[in-house]
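# Residue-level structure breakdown
Residue-level listing of the chains:
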Amino acid sequence: MNVQLAPYAIDNAQSLGRRQPESSPGYRTEFQRDRDRIVHSTAFRRLEYKTQVFVNHEGDLFRTRLTHSIEVAQIGRAIARAMQLNEDLTEAIALAHDLGHTPFGHAGQDALNACMKPYGGFEHNFQSLRVVDKLEEKYAEFNGLNLTFETREGILKHCSQTNAQKIGSLGTRFLENTQPSLEAQLANIADEIAYNNHDVDDGLRAGLIKTEQLCSVPIFEMQWKLVSSTYPDLNPRRAIHETIRRMISALVADLIKTTNLNLSNHKPTNAAAVRALTHPLVSFSPDVASQHHALKRFLRANLYTHYRVHRMTSKAKTILEELFTAFFEDPRLLPEDHYQKAMASGKTGGDTGKARIVSDYIAGMTDRYAIAEHKRLFEPTQQV
Ligand code: MG
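These lines cover the structure that appears in this document, whether it is placed above or below.

Procedures and definitions
- Residues numbered from 1 in each chain as written.
- Predicted model: local features only at pLDDT ≥ 70, side-chain atom pairs only at ≥ 80, totals over all residues.
- Heavy atoms only, no water.
- Helix = DSSP H or I, 4+ residues; strand = E, 2+ residues; numbered from the N terminus.
- Buried < 20%, exposed > 50% of the residue type's maximum accessible area, 1.4 Å probe, protein only.
- Contact = heavy atoms within 4.5 Å.
- Areas by Shrake-Rupley, 256 points an atom, 1.4 Å probe, with all protein chains shown as cover.
- Lys, Arg positive; Asp, Glu negative; His and termini not counted.
- Charge placed at Lys NZ, Arg CZ, Asp CG, Glu CD.
- Donors = N, O, S within 2.8 Å, 3.2 Å for Na, K, Ca; no water.
- Axes fitted to C-alpha atoms, helices over the stretch in contact; angles between N-to-C directions.
- Left-handed = near helix turned anticlockwise from the far one by under 90°.
- Nonpolar A, V, L, I, M, F, W, Y, C, P; charged D, E, K, R; others polar.

What follows deals with the overall build of the chain. Scanning the chain for helices and strands turns up 18 helices and zero strands. Oriented by its inertia axes, the alpha-carbon framework of the chain measures out at about 60 × 50 × 35 Å. Expressed as a percentage of its 384 residues, the buried residues of the chain come to 54%. Sequence-distant contacts in the chain: of pairs separated by 6 or more residues, those separated by 24 or more amount to 71%. Within the structure as shown, the chain displays about 18,300 Å² of accessible surface, and the carbon and sulfur contribution to it stands at 52%. Counting 46 positive and 45 negative side-chain charges, the chain places the centres of these two groups 1 Å from one another.

Each angle at a metal carrying four tetrahedral donors should ideally be 109.5 degrees, and each at a metal carrying six octahedral donors should ideally be 90 or 180 degrees. Each protein donor to the magnesium ion is listed here as His68 (NE2), His97 (NE2), Asp98 (OD) and Asp191 (OD); together their distances run 2.1 to 2.6 Å. Site description for the magnesium ion: donor spacing in sequence, H-x28-H-D-x92-D. Taken together, the residues His68 in helix 3 (residues 65-82) and Asp98 in the loop between helix 4 (87-96) and helix 5 (105-116) connect sequence positions 30 residues apart. Assigned by exposure class, His68 and Asp98 land together as buried.

This next bit is on the packing of helix 5 against helix 16 (residues 307-329). Closest axis-to-axis distance for the helix 5/helix 16 pair is 9 Å, and the angle between their directions is 35 degrees. The two elements helix 5 and helix 16 meet at a crossing, and its hand is right-handed. Contact residues: helix 5 offers Ala107, Gly108, Ala111, Leu112, Cys115 and Met116, while helix 16 offers Thr313, Ala316, Lys317, Leu320, Glu321 and Phe324. When grouped by side-chain class, the residues that make up the contact of helix 5 with helix 16 number eight nonpolar, two polar and two charged.

So, on to the environment of Leu175. Take Leu175: it is sitting in helix 9 (residues 172-176). The contact partners of Leu175, leaving out residues within four places of it in the chain, are Gln161, Ala164 and Gln165.

With phi around 50 degrees, Asn146 is a residue other than glycine that occupies positive phi space. By the element assignment, Asn146 lies in the loop between helix 6 (124-135) and helix 7 (149-155). Taking the relative accessible area as the measure of exposure, Asn146 reaches 7% and is therefore buried. We note that Lys267 has phi near 45 degrees; this positive angle belongs to a residue other than glycine. Relative to the helices and strands, Lys267 resides in the loop between helix 13 (236-266) and helix 14 (271-276). On the basis of relative accessible area, Lys267 is assigned to the exposed category, the value being 60%.

Written as structure tokens, this is what we have:
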């Protein structure tokens, strides 16, 4: 089905282009081509074995970064189509948004950032951009995936002022405090809707949080009570799923309604007018935004800091720190191609250049690869 795009959507024919010009993609749009390149990338396949909250080996049913990214794409696409925004672009951004994530979720990001502090730090958003701009080595003509400006703009959700100064027009909005496209704003919020809801599901499944506790969160309590009174005999797992699907639907409905209202108030005539604003147009109503925040606070207080999650987090931190120190101090421990890169980068960029290659190697690891690599380096009886 061909959906007519709204005037403020990103037009398929008006992309700001790729870093290296390429011929038109023919039977696909530019953004379909971006999406397809992302799906075929190595970094995308690795998401299957990277932690969202629960480490992959803790159970087969928990979200991984891959299933999380697919849920973000689903939510983003549904809203994009309903609002006549560019669905292909939204999908491309959603599928790529976590490509730069380290193993072991946020614990991994924090650990690597601490190791990289003297060498420019580590930001997973900036790393996602590095993956699609430089690190994928698949195409004859260029490094990276050579994606469009619009997809790269969407991937870079946050960026420090220092990094923003290094990346040309892509960094301008962080320096001038303006906005990205509506599709980028949408993918960003779809990410939050996805993880807040699936983390409730995973947390309950793992037994780390209880429905009784969650009833202190209004957005959960409202739907849970409705489901319990409408279907008093429903088995608990189905009742949880029914509640979560209703929470997602309520958030999506509010987001569409509020965003449409914002659009009719501001009347942007094209994507450039959206980008020039200093505040986002894709948003929840104040009421739902505060409910959504309350859920986020609940998860932080009760799930992300739960002692069982924290034990894994603490192991992950040790693994990444020890890997970083070992490789940085003795790059000969690196596999040959990474060693060559570290040497070349060290020659031009000193310790900062060398550290960045070590950080790329570690950030690219899956959870289980990092654990195996740690064993190979530190356990004397382990095969190397
Ligand atoms: Mg995400």
